[in-house]
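If you want the building blocks of each chain, they are given just below.
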Amino acid sequence: MTSSSHLSRRGLLAAAGITGVAGAAGLLGAAPAAASPAPSAAPSTGRGSAALVVHHASVFTGTGGRAPVEAVEAVAVGRDGKICATGTNAALRRYVGRDTEVVDARGNTVMSGIHDGHVHPLGAGERSLSPSLEGAETTLAALQELLTGFLAETGGAGAEPDRWLVVEDWNPVGLLPVGTNPHHTMLDALPTRRPIALVGGDGHNLWANQRALDIAGITAATPDPVGGKVVKGPDGRPTGVLKDDAQGLVRRHVPEPTRADLVAACAKVLELAAASGVTTMMDALVGRHELELYQALSAAGKLPQRIVPAIRLEAEQTKDPAGALAYARGLRREFAGVRGLRFGMVKVFLDGVIEYPAQTAALLEPYLDGQGRPTANRGELYTSAADYGRLSAAFNGAGWQMHAHGLGDRAVRTALDGYAYAKRVTGLRDARNAVAHLQLVDPADLRRFAQLGVTACMQLQWAAKDTWTMEALLPYIGPERHRWMYPARSLEKAGARLSGGSDWPVDALQVWNQLRTAIDRQGAFGAGPLYRELEGLGRDAVLRMHTSGTAWQLRQEELTGTVEPGRAADLVVLDRDVTRCPVADISGTGVRMTLVGGRVVHDADSASGRAASARVAGAASGPRPASYATVHAGGRHHACKH
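No experiment lies behind these values; they were computed from the predicted model shown.

Reading guide: rules and limits
- Residues numbered from 1 in each chain as written.
- Predicted model: local features only at pLDDT ≥ 70, side-chain atom pairs only at ≥ 80, totals over all residues.
- Heavy atoms only, no water.
- Helix = DSSP H or I, 4+ residues; strand = E, 2+ residues; numbered from the N terminus.
- Buried < 20%, exposed > 50% of the residue type's maximum accessible area, 1.4 Å probe, protein only.
- Contact = heavy atoms within 4.5 Å.
- Areas by Shrake-Rupley, 256 points an atom, 1.4 Å probe, with all protein chains shown as cover.
- Axes fitted to C-alpha atoms, helices over the stretch in contact; angles between N-to-C directions.
- Parallel < 35°, antiparallel > 145°, perpendicular 65-115°, else oblique.
- Left-handed = near helix turned anticlockwise from the far one by under 90°.
- Nonpolar A, V, L, I, M, F, W, Y, C, P; charged D, E, K, R; others polar.
- Salt bridge = Lys/Arg side-chain N within 4 Å of Asp/Glu carboxyl O.
- Polar contact = N/O pair within 3.5 Å; in protein donor to acceptor, adjacent residues only side chain to side chain.
- Expected span 1.5 Å × (residues − 1).
- Bend = angle between axes of the 7 residues up to and from the residue.
- Pairing = 2+ DSSP bridges.
- pLDDT = per-residue confidence, 0-100.
- Core = buried A, V, L, I, M, F, W, Y, C linked by side-chain atoms within 4.5 Å.
- Right-handed = clockwise from strand over helix to strand, strands pointing away.

A. Here's a closer look at the overall build of the protein. Secondary structure summary: the protein contains 19 helices and 25 strands in total. Burial status across the protein gives 60% buried among its 642 residues. Pairs at least 24 apart in sequence give 74% of the contacts found in the protein among residues at least 6 apart. About 23,400 Å² of surface is accessible on the protein, with carbon and sulfur atoms providing 52% of the total.

So this is what it looks like as structure tokens:
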């Protein structure tokens, strides 16, 4: 590992007194020409100078068996934004001209940028405008103290009685002692008449006080909306907890922030993603609102990543394939001209979340009562296999891909059954549909991913022993099913294509800890490894999963995901060699430089880059929401500082 401090890319040449080809070649390291193998170069690339050469690197090409025989120590980027050559330091001297920028990687990794196959970046921006509980576990008294502080910080007496207090990153399983269930009376006890909504960090739960319920008109007679649940107590009255699509009953009454505030906040979090090394994102929850934000960001020159928007279909739309397809096509036509967006994906929620007390993930066998006894609850399946199959056939036949939220084993099987139907109907063998999350997969379904060509999009930062996987889950599904939590290696052995995603802002954006956890199944904050011997992945597999694997999922493997001539120069220069350093050290990886299409979108030496890197370091320093950290009187636990 080397120090993360370094000269800027322009400063490297100036500090060495280099002004021309001969001097630059000296920086690259001279070697006898006869001893230098020819670089691997794209046929269309001439022998002119490159725009940028990164040398003295440990280049992870991600090409597997297609990797060149000689060591890859340097990468040349052409003026068209594509990689024009890879090879040894000496071989790439020829690409350094008078105006070529040269970066010394100091032996550290240069690789494809991270491709995030399931993320909600604009949601992260919007959340940053509200106070955050940051996923902490708290006693009721400590929570009420925090919320009282938020009331003061968001207007105090001047905000009474009508200004909403919306608090992000509430931990739905975080009330202590464990097993304490939220109820609106706990929020009603706060010294305010304002409507209050605590938004779950998992994206599936919202907790409202009585004033908010009254504004929304939620009573004992309110029915559950399609795809959601109004939680009611033994007396039949609403408890204040709303699950999944029922959240909209309250959220529609919360005033929207201004467009200017949203664009500024989203631009800031996209800078954070670039500083984390993310060059492509599949936004897994997109409608008109999000597309308008992307349009504004692109017009302002504040969209540094490639974005594949997955247009969300509501549960009722899944029953009308023709109507759903027309809706998606309409949005694509309207926003097709937005630079940086590439359409072709839709998203469907098949179930909810698995942890107690939510337990809305759809299971093949019932949840247990915590004492080993089966209950009558198998979770909630929002769309049938028949409806999902017809929907998938319609979209696949029109050239679109499907992306399903499938967390429980019954939802996973529903997705696979739907894709099998679509394959039979359309005859397509390369539809590249996906299932995301895969927290619990029945072993009988493992081989079906390869057989159907379905991508397993996994968020493996969750694959560690913590509150979510142990206290809130093990007693409620039992050890036999628990062993199949996040079965990454089993899927890999069964021939499935793996892709990686963060699900940010459900978690803080901790890209490199995410990769580390996929290897050791513990990460920086786990209380222990979660079936590491059974389900931990190899280092190369994890690097490919988060680069070329996700590029394949998004149908852009001919453009990005590997470091080879002809591919777009979507690259990161790191502060250590992640291919060789101790696995535990991967969590702390810093990104010195991020390029998208050959354009520098993050430089850790620039003023904005230093600020973004500091925010990344802050996010990386805190545990995952709902870990064992707690809020103590007088202080706040910071799990995410973006």
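B. Local environment of the packing of helix 16 (residues 511-520) against helix 18 (residues 539-553). Orientation of helix 16 relative to helix 18, taken along the N-to-C sense of each, is 140 degrees, at an axis distance of 9 Å. Here helix 18 runs oblique to helix 16, going by the angle between their axes. Along this stretch, helix 16 crosses helix 18, giving a crossing that reads as right-handed. Only R539, V542, L543 and H546 of helix 18 make contact with helix 16, whose side of the interface consists of Q514, L515, A518 and I519. Its residues assigned to classes, the contact of helix 16 with helix 18 shows five nonpolar, two polar and one charged.

C. Examining the pattern of salt bridges more closely. Counted under the stated rule, the structure contains 27 salt bridges. Between D520 and R516 there is a salt bridge, with its nearest N and O atoms 2.5 Å apart. Of this pair, D520 and R516 both sit in helix 16, four residues apart, which is roughly one turn of that helix. Through salt bridges with shared partners, a single ionic network connects R413, D417, D442, D445 and R448.

D. Spotlight on the side chain of T222. Examined against the element boundaries, T222 turns out to sit in the loop between helix 6 (210-216) and strand 14 (228-232). Judged by relative accessible area, T222 falls into the buried class, the value being 12%. There is a polar contact of 2.8 Å between the side chain of T222 and the backbone nitrogen of T219. If near-sequence neighbours (up to four positions away) are discounted, T222 is found in contact with G217, V230, K232 and L249.

E. Highlighting helix 16. Counting buried positions along helix 16 gives ten out of ten residues, so the element sits mostly inside the fold. Taken residue by residue, helix 16 has V511, W512, N513, Q514, L515, R516, T517, A518, I519 and D520 as its buried positions. One or two positions beyond helix 16, positive phi appears at R521, with a value near 55 degrees.

F. The arrangement of the side chain of T383 in detail. Inspection of the secondary structure assignment puts T383 in the loop between strand 18 (345-349) and helix 11 (385-397). Relative accessible area serves as the criterion here: at 3%, T383 is assigned to the buried category. At 3.5 Å, the side chain of T383 forms a polar contact with the side chain of T318. Excluding residues that lie within four positions of it along the chain, T383 makes contacts with T318, V348, F349, L350, Y388 and T414.

G. How the structure looks around helix 18. In a regular helix each residue adds 1.5 Å, so 15 residues correspond to 21 Å; helix 18 covers 20 Å between its end C-alpha atoms and thus fits that length. Its axis deflected by about 50 degrees at M545, helix 18 carries its strongest bend there. One or two steps after helix 18, the chain reaches R555, where phi turns positive at roughly 60 degrees.

H. Structural context of the sheet that holds strand 10 (residues 165-170). The five strands lie next to each other as 10-12-13-15-14, forming an open sheet whose pairing is mixed. Whereas interior strands pair on both sides, the edge strands pair on one side only; in this sheet they are strand 10 and strand 14. Averaged over all neighbouring strand pairs, the angle between strand axes comes to 20 degrees, with direction disregarded. Pairing of strand 14 with strand 15 (residues 238-244) involves four bridges; the strand directions are antiparallel.

I. Main features of the confidence of the model for the protein. Looking at the protein as a whole, its pLDDT mean stands at 89, while 88% of the residues score no less than 70. Segment residues 1-37 is flagged for pLDDT under 50; beyond a separation of four residues in sequence, or across chains, it makes 65 contacts in the model. Across residues 625-642, confidence stays below pLDDT 50; counting only partners more than four residues off in sequence or on other chains, it has 57 contacts.

J. Quick peek at the nonpolar core. F395, F449 and M458 are the most contacted members of the largest nonpolar core, which has 100 residues in total. For this core, the element with the highest residue contribution is helix 8 (residues 259-275), accounting for nine residues. Other than its neighbours up to four places away in sequence, M458 contacts L438, Y486, P487, A488, L491, L498, S499, G500, G501 and M545. If you look at the next biggest cluster of nonpolar residues, it comprises 18 residues, including L133, L146, L187 and V231.

K. Spotlight on unusual backbone geometry. That bond from E160 to P161 is cis: its omega, -5 degrees, falls within 30 degrees of zero. Residue position: P161 is located in the loop between helix 4 (140-153) and strand 10. The phi torsion at Q359 lies on the positive side, around 50 degrees, for a residue other than glycine. Here Q359 is to be found in the loop between strand 18 and helix 11. Phi is positive for H437, which is not a glycine, with a value near 90 degrees. Checked against the element boundaries, H437 lands in strand 20 (residues 434-437). Using a relative accessible area of 2% as the deciding quantity, one classes H437 as buried.

L. Highlighting the sheet that holds strand 7 (residues 109-112). Ordered by their spatial adjacency, five strands build an open sheet running 3-7-23-24-25, and the pairing between neighbours is mixed. Strand pairing shows two members of the sheet lacking a second neighbour, strand 3 (58-60) and strand 25 (599-603), which therefore form its edges. Adjacent strand axes in the sheet meet at a mean angle of 20 degrees when their direction is disregarded. Where strand 7 and strand 23 (residues 571-574) come together, three bridges link them in antiparallel fashion. Opposite S112, over in strand 23, you have L571 as the bridge partner.

M. Summary view of the packing of helix 11 against helix 12 (residues 409-426). Put simply, helix 11 and helix 12 touch, their axes get as near as 7 Å, and they point 45 degrees apart. With respect to helix 12, the axis of helix 11 lies oblique. As helix 11 runs across helix 12, the sense of the crossing is right-handed. Contacts between helix 11 and helix 12 involve A385, Y388, G389, R390, S392, A393, N396 and G397 from the first element and T414, A415, D417, G418, Y419, Y421, A422, V425 and T426 from the second. Along the lines of polarity and charge, the residues of the contact of helix 11 with helix 12 split into eight nonpolar, seven polar and two charged.

N. Spotlight on the pairing of strand 19 (residues 401-406). Summarising burial for strand 19: six of the six residues are buried, a large majority. Burial of strand 19 is two-sided: the residues Q401, H403 and H405 facing one way and the residues M402, A404 and G406 facing the other way are all buried. Bridge count between strand 18 and strand 19: five bridges; the pairing is parallel. Bridging from a neighbouring strand, V346 pairs with M402 of strand 19. In this view, the connection linking strand 18 to its parallel neighbour strand 19 by way of helix 11 has right-handed handedness. Of the strand pairs in this sheet, strand 19 and strand 20 are connected by four bridges, and their pairing is parallel. The residue bridging G406 from the neighbouring strand is H437, located in strand 20.

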